[in-house]
Amino acid sequence: MKASFVSSALALALFGVSAANAVTVTIGCGSSGGDVQFCQRYAEEWAKKTGNTVKNFSPPTSASEKLALFRQLFAAKSGDIDVIQTDVTWPGTLKDHLVDLNKYAPNAAKEYFPALLANNTVDGKLLALPWYTDAGLLYYRKDLLEKYKEKVPGTWEEFTATAKKIQEAERKAGVADFHGLVFQAKAYEGLTCNAIEWVASHGGGTIVEPDGRISINNPKAIAGLKMAASWVGDIAPRGVLNYEEEDARGVFQNGKALFMRNWPYAYAPSQKADSPIKGKVGVAPLPKAAGAAKGAAALGGWSLAVSKYSKNVDAAADLALYMAGAAIQKDRAINAGFNPTRPEVYKDKEVVATNPFVTSLEEVFVNATPRPATVAGLKYNEVSQAFWDATHEVLSGKAKAEDAVKKLEGKLNQVRRGKW
Ligand code: GLC
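Enquirer: I'd love a proper account of the nonpolar core, names of residues and values included.
Expert: Among soluble globular proteins, nonpolar side chains are generally buried collectively. Core analysis: the largest hydrophobic core is formed by 130 residues, its most contacted members being Phe183, Trp198, Ile216 and Trp231. Ranked by residue count, the leading element in this core is helix α20 (residues 380–395), at 8 residues. The residues contacting tryptophan 231, other than those within four sequence positions of it, are Trp156, Phe159, Thr160, Leu181, Phe183, Trp198 and Ala236. Residues Val345, Tyr346, Val351 and Val358 belong to the second largest nonpolar core, which totals 5 residues.

Spelled out as structure tokens, the structure:
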């Protein structure tokens with residue numbers, strides 16, 4: 001008690017914040033792997049340093065439910081939350097509700113990757129500070145590939161065959177609930193990410209192309225969706241139809257799956273001392289269809305933004321800047337596997353030595369496939385929802401891929417209503 005009083009008093013003296021100016025700032029931290037602990041720890045650190053108080057607001061785990069909730073709060077002009085994490089696809093949708101951070105981050109252009117800043121800039125306003133960047137990856141069990149003398153698959157065909165073979169062998173060996181594959185196929189934004197990878201890695205485009213053309217009704221896209229549908233109830237449990245990221249990680253980390261599609265954050269917890277698969281995990285680019293030009297990894301990532309309805313915009317912006325700073329990004333990269341958004345952190349020797357994604361998988365990140373958020377702007381969420389619903393119907397066997405993409409094309413034409 002005494003010590004904390006002394007240290008807060010010291011902080012107040014050092015940082016020149018008078019108790020009278022101290023405010024409470026509420027931040028919505030993420031929910032994947034170590035995100036919440038790291039976010040809370042550093043928000044508390046900021047609070048101590050500045051004499052302010054932070055409150056953590058736990059949003060839902062699904063990116064789509066997060067967006068729905070923030071839209072509700074913003075529609076009500078609620079001041080309940082000051083700093084939020086925004087998804088890479090959200091700036092167009094939330095543009096009227098976020099503070100322009102240019103004034104608070106005058107050197108941003110020199111500090112962050114230009115493409116990420118451009119993504120977060122709408123009508124010249126910098127709506128969010130890039131915090132970490134994501135791309136879809138293939139996780140595999142090194143020990144099991146070795147045991148069954150299989151290679152890391154380069155094509156989906158090899159991938160499916162290997163998953164089938166090892167699933168059968170492990171089940172025969174007594175692991176009754178062992179699966180070849182886990183991924184995210186609940187009807188939400190995560191399914192859009194998984195499915196755009198299947199479609200794009202077959203050469204089937206990205207649902208809506210950058211020029212606005214609705215491309216999803218094509219034979220290669222259909223082949224990608226059919227492939228994934230054939231996995232459900234075979235190499236993947238039917239339960240994937242209700243899985244988000246953390247559900248897939250739970251099964252994989254328990255040693256009950258050979259392959260997992262997930263984001264970089266899933267690596268660090270798999271290597272913790274108490275993880276049953278510590279030392280047994282490899283990470284590779286996702287496979288491509290035989291004959292297709294290249295594989296595809298969905299581009300993801302999160303930023304920090306300040307609500308326009310915050311009663312303490314200056315303090316909230318200060319917290320966002322602090323969290324997105326180089327020191328915290330470095331720690332999160334090393335200890336929680338979140339990929340930095342500042343070039344300088346990638347040059348840090350400790351980061352290079354400990355974060356496997358920074359070096360060997362650089363290509364995956366550089367060439368990641370964006371969802372059609374820029375072209376669809378405010379209508380992106382409707383596009384994505386129509387796509388994940390159609391995909392979910394195909395995966396659960398309720399619709400044929402051919403029919404689903406035809407219907408989806410019609411629906412997207414309605415959403416576009418003449419122009420994006
Ligand atoms: C990850 C990605 C994000 C994506 C989400 C979908 O959090 O970073 O961009 O929308 O997964 O579940």
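Enquirer: Any details on unusual backbone geometry? Residues and values, ideally.
Expert: A positive phi angle, close to 75 degrees, is found at isoleucine 207, a residue other than glycine. Its location among the elements puts isoleucine 207 in the loop between α9 (189–200) and α10 (219–231). Since its relative accessible area comes to 1%, isoleucine 207 is described here as buried. The backbone of arginine 417 sits at a positive phi, close to 45 degrees, despite the residue not being glycine. Along the chain, arginine 417 turns up in the segment after α21 (401–416). A relative accessible area of 57% places arginine 417 in the exposed class.

Enquirer: Can you tell me about the sheet that holds strand β7 (residues 137–141), naming the residues and giving the values?
Expert: Read from one edge to the other, the open sheet built from 4 strands follows the order β8-β9-β7-β10, with strand pairing classed as mixed. Among the strands making up the open sheet, the edge pair consists of β8 (179–182) and β10 (281–284). The average undirected angle you get between the axes of adjacent strands in this sheet is 20 degrees. Against the sheet, helix α8 (residues 156–172) engages β7, β8 and β9 (257–262), with an angle of about 140 degrees to β9.

Enquirer: Which residues make up the layout of surface pockets, and what are the values?
Expert: In this structure, the largest pocket encloses a volume near 720 Å³. Lining the largest pocket are 28 residues, and of these Ala115, Leu116, Leu299, Phe365 and Val366 lie nearest its centre. At the level of secondary structure, the elements contributing two or more residues to the lining of the largest pocket comprise α6 (114–120), β6 (129–135), α18 (362–366) and α19 (373–376). Looking at the lining of the largest pocket, its residues break down into 17 nonpolar, 7 polar and 4 charged.

Enquirer: How would you summarise helix α2 (residues 35–50) if you had to cite specific residues and measurements?
Expert: Its 16 residues place the ends of α2 22 Å apart at the C-alpha level, agreeing with the 22 Å of an ideal helix rising 1.5 Å per residue. Those residues of α2 not exposed but buried are Asp35, Phe38, Cys39, Tyr42, Ala43, Trp46, Ala47 and Thr50. Phi for glycine 51, located one or two positions after α2, is positive at around 80 degrees.

Enquirer: How would you summarise the packing of α2 against helix α13 (residues 313–323) if you had to cite specific residues and measurements?
Expert: Between α2 and α13, the shortest axis-to-axis distance is 10 Å and the interhelical angle comes to 125 degrees. Judged by the inter-axis angle, α2 sits oblique to α13. Of the two possible hands of crossing, α2 and α13 adopt the one that is right-handed. Of the residues in α13, those in contact with Cys39, Tyr42, Ala43, Glu45, Trp46, Lys49 and Thr50 of α2 are Ala315, Asp318, Leu319, Tyr322 and Met323. In terms of residue class, the contact of α2 with α13 is made up of 8 nonpolar, 1 polar and 3 charged.

Conventions and cut-offs
- Residues numbered from 1 in each chain as written.
- Predicted model: local features only at pLDDT ≥ 70, side-chain atom pairs only at ≥ 80, totals over all residues.
- Heavy atoms only, no water.
- Core = buried A, V, L, I, M, F, W, Y, C linked by side-chain atoms within 4.5 Å.
- Buried < 20%, exposed > 50% of the residue type's maximum accessible area, 1.4 Å probe, protein only.
- Helix = DSSP H or I, 4+ residues; strand = E, 2+ residues; numbered from the N terminus.
- Contact = heavy atoms within 4.5 Å.
- Pairing = 2+ DSSP bridges.
- Axes fitted to C-alpha atoms, helices over the stretch in contact; angles between N-to-C directions.
- 1 Å grid on protein atoms, 1.4 Å probe; cavity = no way out; pocket = protein on both sides within 12 Å on 5 of 7 lines; lining within 4 Å.
- Points joined across faces, edges and corners; volume = space filled by probe spheres on them.
- Nonpolar A, V, L, I, M, F, W, Y, C, P; charged D, E, K, R; others polar.
- Expected span 1.5 Å × (residues − 1).
- Parallel < 35°, antiparallel > 145°, perpendicular 65-115°, else oblique.
- Left-handed = near helix turned anticlockwise from the far one by under 90°.

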